[in-house]
Amino acid sequence: MDDYSLLDLFWTMLWFFLWVMWLFLLFKVITDIFRSHDLGGWGKAGWLVLTLLLPYIGVLVYVIVRGKSMSRRDIKEAQDRDAAFKAYVREAAGTSGGDGPKHGSHVDDLAKLADLRDRGAITDEEYQRAKTKLLV
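Not measured: the values here are computed from a predicted model. (Residues numbered from 1 in each chain as written. Predicted model: local features only at pLDDT ≥ 70, side-chain atom pairs only at ≥ 80, totals over all residues. Heavy atoms only, no water.)

(A) Main features of helix 3 (residues 55-93). Taking 1.5 Å of rise per residue, the 39 residues of helix 3 would be expected to cover 57 Å, yet its terminal C-alpha atoms sit only 48 Å apart, more than 12% below that figure. Where helix 3 bends most, at R66, the angle is about 75°. (Helix = DSSP H or I, 4+ residues; strand = E, 2+ residues; numbered from the N terminus. Expected span 1.5 Å × (residues − 1). Bend = angle between axes of the 7 residues up to and from the residue.)

(B) Fine view of the environment of A84. Position of A84 relative to the elements: it lies in helix 3. We classify A84 as partly exposed; its relative accessible area is 47%. For the pair A84 and L6, spaced 78 residues apart in sequence, the C-alpha separation works out to 50 Å. (Buried < 20%, exposed > 50% of the residue type's maximum accessible area, 1.4 Å probe, protein only.)

(C) The arrangement of the nonpolar core in detail. Within the largest apolar cluster, 10 residues are counted, these being W22, L26, V29, I30, I33, L39, W47, V59, Y62 and M70. Listing elements by their share of this core, those giving two or more residues are helix 1 (6-35) and helix 3. If you tally residues by element for this core, the top one is helix 1, at five residues. Not counting chain neighbours up to four residues away, the residues in contact with I33 comprise K44, W47, L48, T51 and Y62. Membership of the second largest hydrophobic core comes to five residues, among which are L113, A114, I122 and L134. (Core = buried A, V, L, I, M, F, W, Y, C linked by side-chain atoms within 4.5 Å. Contact = heavy atoms within 4.5 Å.)

(D) The arrangement of the packing of helix 1 against helix 3 in detail. Packing of helix 1 against helix 3 leaves a shortest axis separation of 9 Å and a crossing angle of 60°. With respect to each other, helix 1 and helix 3 are oriented oblique. Regarding helix 1 and helix 3, the two cross each other, and that crossing is left-handed. For the pair helix 1 and helix 3, contact is made by W19, W22, L25, L26, K28, V29, D32, I33 and R35 and by P55, Y56, V59, Y62, V63, M70, R73, D74 and E77, respectively. (Axes fitted to C-alpha atoms, helices over the stretch in contact; angles between N-to-C directions. Parallel < 35°, antiparallel > 145°, perpendicular 65-115°, else oblique. Left-handed = near helix turned anticlockwise from the far one by under 90°.)

In structure tokens, the structure reads:
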């Protein structure tokens, strides 16, 4: 260990970091090959063979040739995932888009009842009876 200098340690860490970065890029390219809808089966097979048989050159060529469409697919996937999440939240919360609550939802009905009680239009007993009817 005495003959392993700090500079050697730095170079070892740098090469290890570059190797991990390349592995990440290789897996990203392989998943993009299978995710791409504009490539046919033979095109996917060709790119896959190129990236597996000549890994460094294959990944470099793939990123140069198809890098722009790769980023477009990433953006579209993120937008689809975001839209699906927002739709799920709207469904779970019982709202429809930005228009506010859906007609007839429990949340909307309870809010209306609470508003009527606060304004004195109904008594607290009437509020409790109506609330139990809504929740049953």
